[in-house]
Amino acid sequence: MTPTIDPVKLKAAAKHLEWACKQYPGIVVVQDLYEALLPLIEDAKTERVQTPAEKIPCGYFFGDGLYESYKSPNVDEAYVTFSIEMKGGLSEEEKELLSDTEFFQKEISGKDNHGK
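Chains are numbered independently. Their residues run from 1 in the order of the written sequence. Totals for whole chains, interfaces and linings use all residues, but because this is a predicted model, local features are given only for residues with pLDDT of at least 70 and pairs of side-chain atoms are given and counted only at 80 or more. For the side-chain quantities, the full set of heavy atoms in the structure was used; hydrogens and water were omitted.

(A) Just the packing of helix α1 (residues 7–22) against helix α2 (residues 28–45), in detail. Orientation of α1 relative to α2, taken along the N-to-C sense of each, is 155°, at an axis distance of 9 Å. Here α1 lies roughly antiparallel to α2, going by the angle between them. Where α1 crosses over α2, the two elements pack in a sense that is left-handed. Residues L10, K11, A14, K15, L17, E18, C21 and K22 of α1 touch α2, and the partners they reach there are V30, Q31, L33, Y34, L37, L38, I41, E42, A44 and K45. We call Asp, Glu, Lys and Arg charged. Ala, Val, Leu, Ile, Met, Phe, Trp, Tyr, Cys and Pro are nonpolar, and the rest, Gly among them, are polar. Looking at side-chain class alone, the contact of α1 with α2 contains 11 nonpolar, one polar and six charged residues. Geometry is summarised by axes, namely lines fitted to C-alpha atoms with helices restricted to the contacting stretch, and by angles between N-to-C directions that run from 0 to 180 degrees. Counting from the N terminus, the helices are DSSP H or I runs at least four residues long and the strands are E runs at least two residues long. For classification purposes, an angle smaller than 35 degrees is called roughly parallel, one larger than 145 roughly antiparallel, one from 65 to 115 roughly perpendicular, and anything else oblique. A clockwise turn of the near helix away from the far one marks a right-handed crossing, whereas an anticlockwise turn of less than a right angle marks a left-handed crossing. Contact definition: two residues touch when any of their heavy atoms are within 4.5 Å.

(B) Region of interest: the pattern of salt bridges. Between Lys or Arg on one side and Asp or Glu on the other, a salt bridge is scored when a side-chain nitrogen of the former is within 4 Å of a carboxyl oxygen of the latter. Scanning the entire structure with this criterion turns up five salt bridges. For E18, the salt bridge goes to K45, with nearest N and O atoms at 2.8 Å. With E18 in helix α1 and K45 in helix α2, this residue pair connects regions lying 27 residues apart in the sequence. Each member of the pair, E18 as well as K45, carries the same accessibility label: buried. Among the charged side chains, a salt-bridge network with shared partners connects E18, K22, E42 and K45. Exposure classes here rest on a 1.4 Å probe applied to the protein chains alone. A residue is buried below 20% of its type maximum, exposed above 50%, and partly exposed in between.

Here you go:
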C-alpha cells in the first residue's frame with residue numbers, strides 16, 4: 001500500500017510540533033530544530049504537502065537523545081508524530097509492531113505493579 005498524506009493529521013501534527021518548540025524559547029537546540037523544520041511546518045499547516053517525504057530534517061539528532069530533556073511538552077514525541085505524518089503515516093507492518101510493543105509494555109508494567 002502506497003503511503004498517502006492525511007492533511008488533517010499532518011496539519012495537527014505540524015501545529016503541535018510548532019507549539020512544543022515555542023515552549024522552549026531560550027533553548028538553542030530546540031529553536032534550531034524549529035527553524036530547520038519551519039518550511040515543512042508551514043507547508044503542512046497550509047496543506048501544501050501532497051506527497052509523502054522520504055526523509056525529515058534533523059532526525060539523526062533524536063537518535064542521540066538531544067531532545068530527551070524537553071518533555072513538558074515533549075519535543076521528541078511531537079517530532080516523531082510530525083515525521084510519521086510527513087511520511088504518509090505508519091505502514092500496516094509498523095502499526096502491528098507498535099501494537100505488539102504496546103501490548104508487551106502493558107504486560108511488563110502490569111506485572112511490576114502487582115509484584116509478580
